[in-house]
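Read off the chains here:
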Amino acid sequence: MQRRIDEIIKQVPDWENADNIQVESLEGLTNTNYAVIVNGERFVLRISGQNTACLGINREHEAEILTAVSEAGIGAQVAYYQLPEGHLVTRYINGRHLSLEEYRTAENIERIVRTVKRLHELPMVSAEFSPFQRIESYARQAKSMGIPFPHDFQKMLARMRAIEREQAQDRFHWRRFCHNDLFYVNVLDDGNIRFIDWEFSGVNDIYYDLATLTYAYDSLDTLPRELHEHMLACYFGEVKPENWARLAGTQYLLMFFTAMWGLLQQGMQNKGHVRSVEGFDFLEYANVTFEAMRQLL
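Residues numbered from 1 in each chain as written. Predicted model: local features only at pLDDT ≥ 70, side-chain atom pairs only at ≥ 80, totals over all residues. Heavy atoms only, no water.

**A look at the pairing of strand E2 (residues 32-38)**
Under the convention used in this document: Summary of the burial criterion: residues with accessible area below 20% of their type's maximum are buried, those above 50% are exposed, and those between are partly exposed, where the area comes from a 1.4 Å probe applied to protein chains only. Secondary structure elements follow DSSP: runs of H or I no shorter than four residues count as helices, runs of E no shorter than two count as strands, and numbering proceeds from the N terminus. If DSSP finds at least two bridges between two strands, the strands pair.
With 7 of 7 residues buried, E2 is to be regarded as a mostly interior element. Alternating residues of E2 divide into Thr 32, Tyr 34, Val 36 and Val 38 and Asn 33, Ala 35 and Ile 37, and every residue in both groups is buried. By the bridge criterion, 6 bridges tie strand E1 (residues 21-26) to E2 in an arrangement that is antiparallel. Along E2, the bridge assignment pairs Ile 21 with Val 38. In this sheet, strand E3 (residues 41-47) lies alongside E2 in antiparallel orientation, the contact comprising 7 bridges. Paired with Ala 35 across the bridge in E3 is Val 44. Where E2 hands over to E3, the hairpin turn is made up of 2 residues, of which Asn 39 adopts a positive phi near 50 degrees.

**Overview of the packing of aromatic side chains**
Put simply, the rule is: Any Phe, Tyr or Trp ring, taking Trp's six-membered ring, that has another such ring centre within 6.5 Å forms a pair; planes under 30 degrees apart are called stacked, those over 60 apart edge-to-face, and the others tilted.
For the structure shown, the criterion picks out 22 aromatic pairs. For the pair Phe 172 and Trp 174, a centre-to-centre distance of 5.4 Å together with 40 degrees between the ring planes defines the contact as tilted. Looking at Phe 172, the relative accessible area reads 42%, which means it is partly exposed. On the basis of an interplanar angle of 85 degrees and a centroid distance of 5.4 Å, the ring pair of Trp 174 and Tyr 207 is categorised as edge-to-face. Residue Trp 174 is located in the loop between helix H6 (153-168) and strand E6 (175-178), and its partner Tyr 207 is located in helix H7 (residues 206-214); the two are separated by 33 residues in the primary sequence. The same class applies to Trp 174 as to Tyr 207, namely buried.

**Some remarks on unusual backbone geometry**
The omega torsion of the bond from Leu 83 to Pro 84 falls at 10 degrees, within 30 degrees of zero and hence cis. Of note in the backbone geometry, Asp 197 takes a positive phi value of approximately 60 degrees without being a glycine. Of note, Asp 197 is situated in the loop between strand E8 (193-195) and strand E9 (202-205). When its relative accessible area of 32% is taken as the criterion, Asp 197 is described as partly exposed. With a phi close to 55 degrees, Asp 218 is a non-glycine residue in the positive phi region. By secondary structure assignment, the location of Asp 218 is in the loop between H7 and helix H8 (225-236).

**Side note on helix H1 (residues 2-11)**
The following threshold applies: For this quantity, the arc is that covered by the directions from the helix axis to the C-beta atoms. The contact criterion used is simple: two residues touch if any of their non-hydrogen atoms lie within 4.5 Å.
Among the residues making up H1, those that are buried are Ile 5, Ile 8 and Ile 9. Buried residues of H1, viewed axially, fall in a sector of 100 degrees; they line one side. Every exposed residue of H1 that faces more than 90 degrees away from the buried side is listed here: Arg 3 and Lys 10. Looking at the packing, one finds that the buried side of H1 touches E1, E2, E3, strand E4 (78-82) and strand E5 (87-91).

**Points about the packing of helix H5 (residues 131-144) against helix H9 (residues 241-270)**
Heads up, the condition is: Inter-axis angles, ranging from 0 to 180 degrees, are taken between N-to-C directions of lines fitted to C-alpha atoms, where helices are fitted over the stretch in contact. Roughly parallel means an angle under 35 degrees; roughly antiparallel, over 145; roughly perpendicular, 65 to 115; everything else is oblique. Put simply, a crossing is left-handed when the front helix is turned counterclockwise from the back one by less than a right angle, and right-handed when it is turned clockwise. Residues are grouped as follows: nonpolar covers Ala, Val, Leu, Ile, Met, Phe, Trp, Tyr, Cys and Pro; charged covers Asp, Glu, Lys and Arg; every other residue, Gly included, is treated as polar.
Across the interface, H5 lies against H9 with an axial gap of 9 Å and an inter-helix angle of 25 degrees. As far as their axial angle goes, H9 and H5 are roughly parallel. H9 is crossed by H5, and the crossing has left-handed handedness. The segment H5 lies against H9, with Pro 131, Phe 132, Arg 134, Ile 135, Tyr 138, Ala 139, Gln 141 and Ala 142 engaging Leu 253, Phe 256, Phe 257, Met 260, Trp 261, Leu 263 and Leu 264. Within the contact of H5 with H9, the residues separate by chemical class into 13 nonpolar, 1 polar and 1 charged.

Right, dumping it as structure tokens:
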């Protein structure tokens, strides 16, 4: 790994003559991440994980997205992007994650929603993200790897397809440029709200981003009912029954997707296609999420 890090560092513009470069390890699940300090300036280096295409990640699409969000000031500035591998260097955002207590305030929900709306107002990109298609793709792959599925999986699939039919009847067109992974670890506060980790970004239903905000700490009680309503009011102004209905259906889709992500990651780990992550059990994560789905049902 050190040799790969050194090779990437040598290719970053303006770094070839740097006098002092330090590398520190950072956390990561799908990818391997490092803090790189170059002449006192801090950057983040992401070494792209193996077999990310199985997760539907398209590095060419990501490059387009990173340019758009960097120019909009919503994401980190890109210093280097290597294709086709997807290795990435961005300028460090000197911000922090909000604690759960901070997150559960009307003021911070309003700040986050303002940034989400700015994202949704950006021009469309070529990448697309369909939770329906991803769930079925992940299921096929995980099944082929021998991963055990929950006993009520067919019931869960039936509910997903019912939601798809219900949402198709909505008279409004909700598809915009979305992040699709707005869990709290991807939200930073440096005085402004900024988002990181754009691997799943693409054109999708805006309610998917809103649903993620309600489940950002992997918990159904991330936001109490009154903050759900505040979030919807910040985004739409007037909150109508149809807003609640579409949000509820999309919350279910979000959890189904994340559970299937866990199953597929476990399968790839078992096959040696991805590295194991110390302290994180993909199968346990999937099963906890399936249980949350049952609570919604």
